[in-house]
Structure formats: structure tokens, C-alpha cells
Amino acid sequence: MTALVIRGGHLIDPAAGVDGLKDILLKDGRVAEIAGPGKLKLANGAEVLDATGLTVAPGLVDIHVHLREPGQGYKETIATGTAAAAAGGFTSVAAMPNTRPVNDSAEITRWMQSPERGASIRVFPIAAATRGSKGETLNDYAALKSAGAVAVTDDGLPILKDNIMRETLVAAARVGLSVIQHAEDTRLTQGASMNAGPMAFKLGLRGMPTEAESGLVERDIRLVTELRDNRVHLHVAHTSTAAALAAVRQARRSGLRVTCEVAPHHFLLTEEHVGCYNTNAKMNPPLRSAADRDTMVEAILDGVVDAIATDHAPHAIHEKEVEFEHAPNGITGLETALGLSLRWLHKEWKLPMGRVLSLLSAQPAALLGLKGRGTLAVGSFADVVVFDPKAEWTFNARETKSKSRNTPFDGWTMQGKVRWTISEGRVAYSSPS
Amino acid sequence: MTLAVTPTRRTLHLPTAPASLFPFNRGSLLSASDLSLEEIGRLLARATALEDQDPLTRERILAKRRVALLFYESSTRTRTSFELAAKALGADTTLVSSLSSSIEKGETLKDTGLTLRALGAEAIILRHNSSGAPWLLEAETRLPVLNAGDGMHEHPTQALLDLRTLLAHLRPGVEALTAETLAGITVTIVGDILHSRVARSNMQLLPRLGARILVCGPKELLPEVAAQAGPGITIERNFEAALRQSQAVMMLRIQAERLAGLQLDLEQYKANYQLTGQRLATQAPEAIVLHPGPIIRGLEVTAGVADGPQSVILEQVKNGVAVRMAVVERALGAGSKQGGRA
């Protein structure tokens, strides 16, 4: 494999504590050497990328995406979803198991990672916690793990029953897997299509109360507490309510291994963005009140939130061009996560660049135990994003690499333009220059 | 004495929701909030003028113009009323209902709308069981869309006809509408507020003319959040107390089809919220009684009240035709200024 040199860029690698001008040598899919500007001994035939004026960082890691394969290739394929991820600066994505059929087997887990899928970056399958994600019978976690699964979840649906959730936590801990909970007490959300509150009343839509999320998070934390086993790791997916975040904060103070992620739409948008029944503002959990949204921002700034994850959920245009209550939940997010995070978390709310990048790479990688990802220390995977941190640009959903364009961020101003995304030493995305 | 120091919270500048692009078509009536008071005044004046006009002249106004009625729910009053209104102006109407059409075969609202447009429909009157459906139809067809009731959301022409009825009794002779026109008037809306599009449209419209709205009903049918639906709205769960303050009382049907598993003790409901002759005579002997229909006699109102001297229920029905003539005329851009196409 040929070597690749990234020269003249400003390297920010929060996990390694690096923040300065560095040249990087990538070789055989790994980071081979890091040196001050001009200090690298260039091997013959090495390709050189000139990153002068650009920021060089560990490739981004999204631990919550829906790639829709197997079964729903009309919404997204592993090839198109990872192309969108690469365009967004991501080099690792963890793919949720609510495919058709549900990924509850070693066979499907392997199928998703096969080179034949045409992924342009690394895909880490997350397997279903229960058979068919029906919340009744646990899957064989050891087999799933050896096939490459990095966590278990029934995402899209909760693991609702107390005894099943307890067994899931125990069995996953035994093989060293995290349990990711989609915290929604579905007994409280029947027929609901947005956040419960004045806006839902006004629009004549049935609402999902915040307790449907926080109640289940509290229940899960109680189970983790009772288990008294420090191998147990509970991760709360797409946290959207102040009450759920308070529960996570409390659990952490008690020393429990409870982590959480927040999606860009939950730290930027509120239920008001549903506007006149905009189905691209419909997702689950729903956009919440301004108070909940403000809490998400505060929690990111003060460090309680462990990761930013997009919950990238592509749907075909015709599926979203229907009555609001009949539209499927979810929005795309892979190409807007970095631009929105830099525009708002960094520029507007002054979160240091290193912390923003850590929330998008080092922390999520560590959370799922993705070794050699989320850092550019020598010996790590050569997963790199090179971007212009000052560039402002407008996201145009029509130009997406995803198969779908169901996003509420069409036309929004982004900050930070990805120039190159490098996955294990190969250029996976290069911006048209 | 110690002064407690509250931690200062950062003030965050956050993105705000974009302004609505709706309605795309100036002839549309999606929500009661689409109309300014001036426009409402104009519509009510046109309703009166059209009602008084010679039927043979009137039917030239929209002669041979095509209006589609697209109904996903059963309806007697609204459908007939819109149809008679459009026909009175000379328009050709066609009715498409969810049964006996391609909707049954799974055709989407978008495709049905585009098909109607291709068939020459110049406006669509839509009744739909999903809240927000008229917004979807308007965005996809860009035709004038008249909301004839969408799910639990709105029923703007009902609010207009209710306003016409209220004005006739409480403010006879008033012409221009202002934010004070109904000042001093209290209207109580009683019953299944949660599932009622009539309530939501009236709660939107009437406070803008200065009316005070009391909403009355049990918690299951009237959640606390209703008080935040807009200014001028107060919850009063005691029916007698509400009646005593009211110049008008609007009774609603319990929408069994939208209860979604909710169990209600109907005997208890009647004991607390049924409008009986005795309640009316003792608490609100001067108030007028409205009901958007359909009435379930013996449940929310007794037969005696429905047929009694304070009832204006049939006037509402009659006002419906007049108001809808004005709304259909506006939809096709054939208002008095343009003088119609004929």
C-alpha cells in the first residue's frame, strides 16, 4: 500500500493531547509518524496532501446511524450511507439493527461488513438485543460479538420489560458489550407523533410526554444500580429531555457506567420547528420544548453528554410526503453534524474546537470500545478528516450523497468544510475544489 | 441576613423556527389564523350580499368553474353546505369520498390531489381525518384548498359561521370587525375539547375579536395544556359557574371515533356537563346555545334545549351556506372587486 502524507495542517487530536502544526505520515492503513512541519522523511512515491490552513483531526465516529440494509435499499444502502458519512467527515459509523430483517444474527452482522456492500468507510454493526427486536428473547451475544457487533440494542423500539432489560444488561456485560437503550415507554406514546405540550394541542396531534423517555431511563438506571456489576454499561441513545439527562447526570455521580448521546437536532431545534406539519421535523424522540433543548446545550457545554450522534435515518421522499401522523420518524444527519456542531457549539457557544471534535470522535469511539479509532496517535488507524475550520457554506439537501434528503437543515449555514476524509489510509471523500 | 446567589445561566442565542410559507395560494383557507380581521369582515359582508342576491345573477359568479369536494370522513352538514354554496354560485362540483374512489386502493393524498387538479379542479374542499392534511394538499397541488375539517385540528369555516351567528345575536348591525367587537362577551365551549377541531378554530378566532373563552369539561377531554392554546382562554371545570358568566354556550359532541381507548363514564359526564333545560334556565337564561352538530340528543344536550328558544343551532346551519359561498368565491378569486368571471 502506498504511503500518504498530510502536510502543513493544524493537527487537533484531543485524545492524544495534540494541538499544533504537524505533518502526518499514513502507511499501511495506520498512522506511521507524526512530526513538526517539514520534519518528515518523505518516502519515495508518497502521495502528499497539502493541508496548509486546514485542520487535521481524527476521522469522526457516529455511533447511531440507520443504513437501511439489508431490506430497505430504496431509502439508503450501506454504500450510499457511508458515502454520505465520508462527505460529512466520518470514518466510522455504528449501524443500527432495525433493518429488514432485523439484524439479530451473526450472519447478517457479517453480511453488513462484507466488502461487497461497497462501504467507503468502516461500518460497525450494532446487533439486536432481542430476537426480531420484539423485546422477548435474548440473542446470542457471544456469537454476535465474534461476528463483529459492537453493542446491542432494539433501537427504534425500547427493551420495555424489566426482566428482559435486566437479563440483557447482564448477558451483554458478560461478553463485554454495551447496551444501548431507545428510551421510550411505548405504553405512553401510542398514536403520538410529536412532543406533548401546547404545540401538539394546537396542531391537534397526539403528544409523546417527556416522562415516556425519562421514566424508562430512570428504570434502566435502577436496574444498573441493582446489578452492582461494573462491567455493565448502559448507553442512552438520542437523549432529548431534561429529566432523562438529570437521571444520567445523577447516575454518573453515583459512579455508574451510564453514558448518553445527543443528536444535533435535539440541541438545535424545538417542537416549534414542526411548524405547519413539516414531516422533516418528525423523528423519535421528537423535537422537544425550548427548555429541554436548552438543557441539551448546557449539558454538552458542561460535559455530561458523552457523544454527539446523528441518528441518521433516511426515508424516501414519497414516505415523507404524507399526512404528518402517517410519516415515518427520522431525518438524515451525516453531512450536517460537523457543520452544525462547529457553527453552533464552537462558534456561537464557544465550546473549544478540541472538545467539539472529541464529542464527534474520541469519546464515541471510547464509549463503544472501538480500538484505534477516534485518535491519530502513532499506530492508530489512518482515519483522518481534513477540513477548513473557517469556511462557511450552505447545506443543499439536493446535493446529498445519501439516497434520501429528509432533513430539516436544508439551506442552513454550516461552518467547517470537509476537504478530505481518509479511511484506513485511503481517500474516501475529496471535496470538489 | 444572607443574600442567596443564583447561578447565572448563560444566555444562548439559538436558531428560531422559520416563518411559515403557508398558505401558498391566496385563495386558500387552511386555518382561522390565515385571515386578518379585515378579511373576515369582508367575507361576512360578502356572505350577506350573496345571500341577498338574486339566485339567477348569483349563479353566474362562478359559472362553469370547477370545485372538487374531497372527503375522507363522513359528513352531512359541511359537505352539503359547501356543495350548495358552490352550486349557488354556479360552480360545477364533484364529490370524491374515501369510500368508492381510488383512495380505497391506497392512493396517497398527494396523488389524489394532483389527479383532481389534472381533471380541471380549480379549488379543493378537503375534509380529512389527519390533522394537517390540508397543508400537505396545498403544498403539493398549490391550488386553493379549503379546510373543511382536519382531524383534531381546525374547521375554519365552522368558526366563521359561528362568528356570524354570534354577531347576529350579540352585536346586531356591527360592520367593521375590530379587536374590541366582542369585548365583554364570554363564550363557553363545553365537552370534548381535546378532539375538537371546532373548539380549536373558535379558540383561535374569537379571542382576536375580544371575546373571552371558557373551556369546560373533564380532564380526559380537556387537558390543562388547552389554556396555553392562545390568549383569552381559561379553563372552568364547573359547568354552572361557566354558564353563569356566558352570553353564548357552545356544546360539543363526544367524539367516540377519536377516543383511542379512553374509557368515559357517560352517566357521570351527563351529570356534570349535559346542558339541560333546568341548568340553562337557572344559570344562563339569556345565553344563546350553539352546537356544530352532529347532535347526540340526550347526551351533551337534552332534546328540549336543542329545540328550545335559546337554541340557534339551525341558524348556524343556515349561516354555514352563506359563509361558505363567500369562502368559495374568495378561493376562486371571484370576489366583488373582480366582479366574477362571467
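Keep in mind the model is a prediction, meaning the values are calculated, not measured. (Residues numbered from 1 in each chain as written. Chains lettered and ligands numbered in written order. Predicted model: local features only at pLDDT ≥ 70, side-chain atom pairs only at ≥ 80, totals over all residues.)

**Student:** Is there a simple way to explain the packing of helix α6 (residues 156-170) of chain B against helix α7 (residues 197-205) of chain B in this structure?
**Tutor:** Between two packed helices, the angle of one axis relative to the other and the distance separating the axes together describe the packing. All names here are of chain B. It is at 8 Å that the axes of α6 and α7 come closest, and there the two elements cross at 60 degrees. Judged by the inter-axis angle, α6 sits oblique to α7. α6 and α7 meet at a crossing whose hand is right-handed. Of the residues in α7, those touching α6 at P156, Q158, A159, D162 and L163 are V198, S201, N202 and L205. (Axes fitted to C-alpha atoms, helices over the stretch in contact; angles between N-to-C directions. Helix = DSSP H or I, 4+ residues; strand = E, 2+ residues; numbered from the N terminus. Parallel < 35°, antiparallel > 145°, perpendicular 65-115°, else oblique. Left-handed = near helix turned anticlockwise from the far one by under 90°. Contact = placed C-beta atoms within 7 Å.)

**Student:** Would you mind going over the interface of chain B and chain A with me for this structure?
**Tutor:** By convention, interface size is frequently given as the accessible area that disappears when the constituent parts associate. Facing the 27 residues of chain B at the interface are 24 residues of chain A. Counting only elements with at least two residues in the side of chain B that touches chain A, the list comes to α4 (109-118), α5 (133-141) and α7 of chain B. Considering every element that reaches the side of chain B that touches chain A, the biggest residue donor is α5 of chain B, with four residues. Residue composition of the side of chain B that touches chain A, grouped by class: 14 nonpolar, nine polar and four charged. (Nonpolar A, V, L, I, M, F, W, Y, C, P; charged D, E, K, R; others polar.)

**Student:** How should I be thinking about the pairing of strand β7 (residues 90-95) of chain A in this particular structure?
**Tutor:** Looking along a regular strand, one sees side chains alternate from face to face of the sheet. Residue and element names in this part refer to chain A. Of all six residues making up β7, six are buried, and the element is well covered by its neighbours. Here four bridges tie strand β6 (residues 60-65) to β7, and the two strands are oriented parallel to one another. Following the sheet pairing, V65 is matched in β7 by A95. Note: β7 against strand β8 (residues 122-125), four bridges, orientation parallel. For V93, the partnering residue across the bridge sits in β8 and is V123. (Buried ≥ 20, exposed ≤ 12 C-beta atoms within 10 Å, placed from the backbone. Pairing = 2+ DSSP bridges.)

**Student:** What exactly am I supposed to notice about the domain arrangement of chain B here?
**Tutor:** Residue and element names in this part refer to chain B. The domain architecture assigned to chain B consists of domain 1 (32-154 + 320-331) and domain 2 (157-318). Using only C-alpha atoms to locate each centre, domain 1 and domain 2 end up separated by 25 Å. Across the contact, 22 residues belong to domain 1 and 23 residues belong to domain 2. Of all the secondary structure elements, the ones that give two or more residues to the side of domain 1 that touches domain 2 are α1 (37-52), β4 (145-150) and α12 (313-331). Broken down by element, the side of domain 1 that touches domain 2 gets its largest block of residues, six residues, from α1. Of the residues assigned to the side of domain 1 that touches domain 2, the class counts are 11 nonpolar, seven polar and four charged. (Domains from an automatic or database assignment.)

**Student:** Would you mind going over the nonpolar core with me for this structure?
**Tutor:** Side chains of nonpolar character tend, in soluble globular proteins, to be buried together. By size, the foremost hydrophobic cluster in this structure holds 235 residues, and its most contacted members are V152 of chain A together with I124 of chain B. Here this core takes nine residues from α12 of chain B, the largest share from any one element. Residues lining this core come from more than one domain, with at least three contributed by each of domain 1 (32-154 + 320-331) and domain 2 (157-318) of chain B. Setting aside residues no more than four positions away along its own chain, V152 of chain A makes contact with I126, A127, A128, A129, Y141, T168, A172, L177 and V179 of chain A. (Core = buried A, V, L, I, M, F, W, Y, C linked by C-beta atoms within 7 Å.)

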